[in-house]
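Commentary on secondary and tertiary structure
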Amino acid sequence: MKLHQVMTNVFLVEGIASNWVLVRDGRDLTLIDAGYPKDIDGLVASVAQLGHRIEDIRGVLITHAHVDHIGAIPALLARHAVPTYAGEHELPMLEGERHEQATTWDVISRCWRPRVAKWAVTIARAGARTSIQLPETRALQADSRLDLPGAPRAAACPGHTSGHTAYLLGETGIVVTGDALITGHSIVARTGPQLVPAFFSHAPAQMNAGLDALARLDADTVLPGHGPVWRGPLTTAIEQARN
Ligand SMILES: [Zn+2]
């Protein structure tokens, strides 16, 4: 776990192979995404590094229902019952009714590439094959504002998954983009704003639609689901990702 301060009260945390975000307001925290199942210790440690306890978390926002973003939430809920929220069209996946995640075979069939093979071992150890269900998750309509630390606003950006949602943090100009827009990934050499490798996406052809939705947001700092913080106009990041 590696914690990066983005702004006074906003932190991007690098987990085993994905990121989560902590937003602070006084004694209260909002958590956005939560890494793989084995990231639970790192999650607790990241909260402790801010001088907080997991009981300070007032709500958990989900960008999308993939195991690298919701993996540690059940272990968190077992210790601290807190509401979870996701875009309304992501709920069938969180309820286990539908799946929009790359299969083990999708990964194994690409393991002839050394980067993929190494990453596949890492994520298998992190609990990538665990099936996570969060049926109590509350549905967010597009554009809803939440009464949580950081005043997050949900922005639907379907593409990577049907209910993929980004979160704008109040008036900070910070947007948490999940996997609609990333800035690096263990299995690709390229860094900078980009789309996730196509085989992870439920509907690769719709990935650009996700970018179109993001393009309507006014932001100048990107906190992605994979890769480092990116600072600059969101429109520039989106242009780079389209290339
Ligand atoms: Zn991801």
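Going by the structure above, here's the rest.
Below you will find a few notes about this structure. As the structure is a prediction and not an experimental result, all values here were calculated from the model.

**Here we look at the coordination of the zinc ion**
On the protein side, the zinc ion has Asp68 (OD), His69 (NE2), Asp179 (OD) and His226 (NE2) as donor atoms, found 2.1 to 2.2 Å from it. Donor residues binding the zinc ion come from one chain and are separated in sequence as D-H-x109-D-x46-H.

**Focus on the pattern of salt bridges**
This model, assessed by the stated rule, comprises six salt bridges. Between Asp143 and Arg153 there is a salt bridge whose closest N-O contact spans 2.6 Å. Here Asp143 is found in the loop between β7 (138–140) and β8 (152–156), whereas its partner Arg153 is found in strand β8, with ten residues between them in sequence. Of the charged contacts, one joins Arg242 and Asp212 as a salt bridge, the two residues approaching to 2.7 Å between their closest N and O atoms. One end of the pair, Arg242, is in helix α8 (residues 234–242); the other, Asp212, is in helix α7 (residues 207–215), with 30 residues separating them in the sequence. Its relative accessible area of 39% is what places Arg242 among the partly exposed residues. Residue class for Asp212 comes out partly exposed when judged on its relative accessible area of 36%.

**Focus on the pairing of β8**
Across the five residues of β8, four count as buried, placing the element largely inside the fold. Across five bridges, β8 lies against strand β9 (residues 165–169) in antiparallel orientation. Residue pairing in the sheet places Arg153 in a bridge with Leu168 of β9.

**Remarks on the sheet that holds strand β1 (residues 2–7)**
Spatial ordering of the open sheet is given by β1-β2-β3-β4-β5-β6-β7, a layout of seven strands whose pairing is mixed. The sheet is open, and its two edges are formed by β1 and β7, each paired on a single side. Strand-to-strand twist in this sheet, taken as the mean axis angle between neighbours without regard to direction, amounts to 25°. Bridge count for strand β2 (residues 10–14) against strand β3 (residues 19–25) is five bridges, and the pairing is antiparallel. Each bridged residue has a counterpart across the sheet, and for Val10 the counterpart in β3 is Val23. Contacts from helix α1 (residues 40–49) reach β1, β2, β3, β4 (28–32) and β5 (57–61), with the element oriented near 30° to β3.

Calculation rules
- Residues numbered from 1 in each chain as written.
- Predicted model: local features only at pLDDT ≥ 70, side-chain atom pairs only at ≥ 80, totals over all residues.
- Heavy atoms only, no water.
- Donors = N, O, S within 2.8 Å, 3.2 Å for Na, K, Ca; no water.
- Salt bridge = Lys/Arg side-chain N within 4 Å of Asp/Glu carboxyl O.
- Helix = DSSP H or I, 4+ residues; strand = E, 2+ residues; numbered from the N terminus.
- Buried < 20%, exposed > 50% of the residue type's maximum accessible area, 1.4 Å probe, protein only.
- Pairing = 2+ DSSP bridges.
- Axes fitted to C-alpha atoms, helices over the stretch in contact; angles between N-to-C directions.
- Contact = heavy atoms within 4.5 Å.

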